[in-house]
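If you want the building blocks of each chain, they are given just below.
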Amino acid sequence: MSTWNSVAIVGVGLIGGSIGLALRHRRLADRVVGIGRREESLRVAKSRGAVTATTTSLATGVADAELVIVCTPVEQIAEHVRQTAEHCPSGALVTDAGSTKASIVGQLGGDLGRDVRFVGSHPLAGGEKSGPGEADADLFVQRVVVVTPDRHTRPQDREAISQFWTSLGARVVEMSPQAHDSAVATTSHLPHVVAAALAAAVPEENFAISAGGLRDTTRIAAGDVELWTQILLDNREPVLAALDAFDRSLAAFRAALEARDREQLKQALNQAKRKRDALGS
C-alpha cells in the first residue's frame, strides 16, 4: 500500500475533504495540506480532521507535496495543475478529480516541466451535497475511479495513481480520456440533464401530492448549478449525442401512447425494467 510524506489537496470540498479523511484515517500520509479560497471551508476541513494544515496560497500549499490532487471545478483544473507544477517539488505527481477528461488531459498530459507529471482521474462518487462538512472517509470504498492515461503517461505514474485510489478503497478502471467522456455522458451527465428537465417541468402546485418517485428521480438536479454548467459545456458533444439517444427512447414512448399501442408500450417498459434490474441497487 502506497504511503506519502506530504499530500496537498487543492479544493477541499466534498471530494477533496473525503480524500483527506481517507488518507488520514488509513494513515497513508503523514501530512495533508488543504488549499482553498475560503477560510471558513478550510476551517471546517481541518476541524473534521480531513487535513493537518490549511492555506489559501497554492504555491505555499504544494511546496513540499509529493502528491497533489486537484479537486476544483473543471474550468479551473488545468490552470491549477500548471500553477502546482511551478511550485511543487521536482518529481511530484499530480492528479485531479474532474468529471470530464479529454480537454483536461489534452492540455496537461505528460511531463509538466521539472519532472512533474500529471495523470487524469475521475472518482465516480459524491452527490448533490457539497462542502467539507459532508466529507466521508469511506466515500470511495467500492466506488469506481477512472484513471485516464494518455500516450505521454509513464507506466510507473499510471500505476502510482491507480494504487493511490485503490488504497482509498476504490475500484480503478483505466480508459482513454475520450472513451471516459463518451461513457460518462450517458451514465452521469445525461441523467443530470434529464433530472433537471423533469424537475423544471413539474408544476410547483403539484409538489404537495408528489411521492418518492419524483424526489428520487430529481434528486441530482439539486447539485451545484455552476459546477454542472461547466461540466456540460466541457463535454458538450458527447452529451448532445447522449441526448439524441434519449430523444429516440422518449419518442418511442410517445408513439406508443399516441397510438394507444399496449404491446409497444409494454415492450418499451420491459426493456427499461430489464436494464434497470441489471444495473442493481
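Residues numbered from 1 in each chain as written. Predicted model: local features only at pLDDT ≥ 70, side-chain atom pairs only at ≥ 80, totals over all residues. Heavy atoms only, no water.

Q: Talk me through the pattern of salt bridges; I want residue IDs and the actual numbers.
A: Evaluation of the coordinates by the stated rule reveals 12 salt bridges. As a salt-bridge pair, arginine 117 and aspartate 157 come within 2.8 Å of each other at their nearest N and O atoms. With arginine 117 in strand 7 (residues 117-118) and aspartate 157 in helix 6 (residues 155-167), the pair connects residues that are 40 residues apart, well separated along the chain. The class of arginine 117 is buried, set by a relative accessible area of 10%. For the salt bridge of arginine 254 with glutamate 258, the shortest nitrogen-to-oxygen distance reads 3.6 Å. Of the two residues, arginine 254 and glutamate 258 are both situated in helix 10 (residues 236-258); the distance of 4 residues between them amounts to about one turn of the helix. Each member of the pair arginine 254 and glutamate 258 is classed as exposed. One salt-bridge network, held together by shared partners, links Asp115, Arg117, Arg154 and Asp157. (Salt bridge = Lys/Arg side-chain N within 4 Å of Asp/Glu carboxyl O. Helix = DSSP H or I, 4+ residues; strand = E, 2+ residues; numbered from the N terminus. Buried < 20%, exposed > 50% of the residue type's maximum accessible area, 1.4 Å probe, protein only.)

Q: Run through the sheet that holds strand 9 (residues 144-148), naming residues and quoting values.
A: Here we have 3 strands laid out as an open sheet, ordered 8-9-10, and mixed in their pairing. The open sheet is flanked by strand 8 (120-123) and strand 10 (171-174), the only strands paired with a single partner. Each strand axis lies, on average, 25° off the axis of its neighbour in the sheet, ignoring direction. Helix 6 contacts strand 8, strand 9 and strand 10 of the sheet and is inclined by roughly 150° relative to strand 10. (Pairing = 2+ DSSP bridges. Axes fitted to C-alpha atoms, helices over the stretch in contact; angles between N-to-C directions. Contact = heavy atoms within 4.5 Å.)

Q: So, helix 4 (residues 74-87): which residues are in play, and what are the values?
A: Helix length check: helix 4, at 14 residues, gives a terminal C-alpha distance of 21 Å against a target of 20 Å (1.5 Å per residue), a fit within 8%. Every buried residue of helix 4 is accounted for by Val74, Ile77, Ala78, His80, Val81, Thr84 and Ala85. (Expected span 1.5 Å × (residues − 1).)

Q: Can you lay out the state of the cysteines for me, pointing to particular residues and giving the numbers?
A: The tally for this structure, following the rule as stated, stands at 0 disulfides. Sulfur of cysteine 71: no disulfide; nearest cysteine sulfur belongs to cysteine 88 and is 15 Å away. Exposure remark for cysteine 71: the relative accessible area of 17% places this residue in the buried category. (Disulfide = S-S within 2.5 Å.)

Q: Account for the nonpolar core, with residues named and values stated.
A: Ranked by internal contacts, the top residues of the largest apolar core, which has 36 residues, are Ile19, Leu23, Phe140, Phe164, Trp165 and Leu168. For this core, the elements supplying multiple residues, two or more each, are strand 1 (4-10), helix 1 (14-25), strand 2 (29-35), helix 2 (39-47), strand 4 (67-70), strand 9 and helix 6. Here the element with the most residues in this core is helix 1; it accounts for 6 residues. When sequence neighbours within four positions are dropped, the list of residues in contact with tryptophan 165 reads Ile19, Asp96, Ser121, Pro123, Phe140, Val145, Val147, Ala170 and Val172. The next biggest cluster of nonpolar side chains, apart from the first, holds 25 residues, and it includes Val33, Val81, Val94 and Val105. (Core = buried A, V, L, I, M, F, W, Y, C linked by side-chain atoms within 4.5 Å.)

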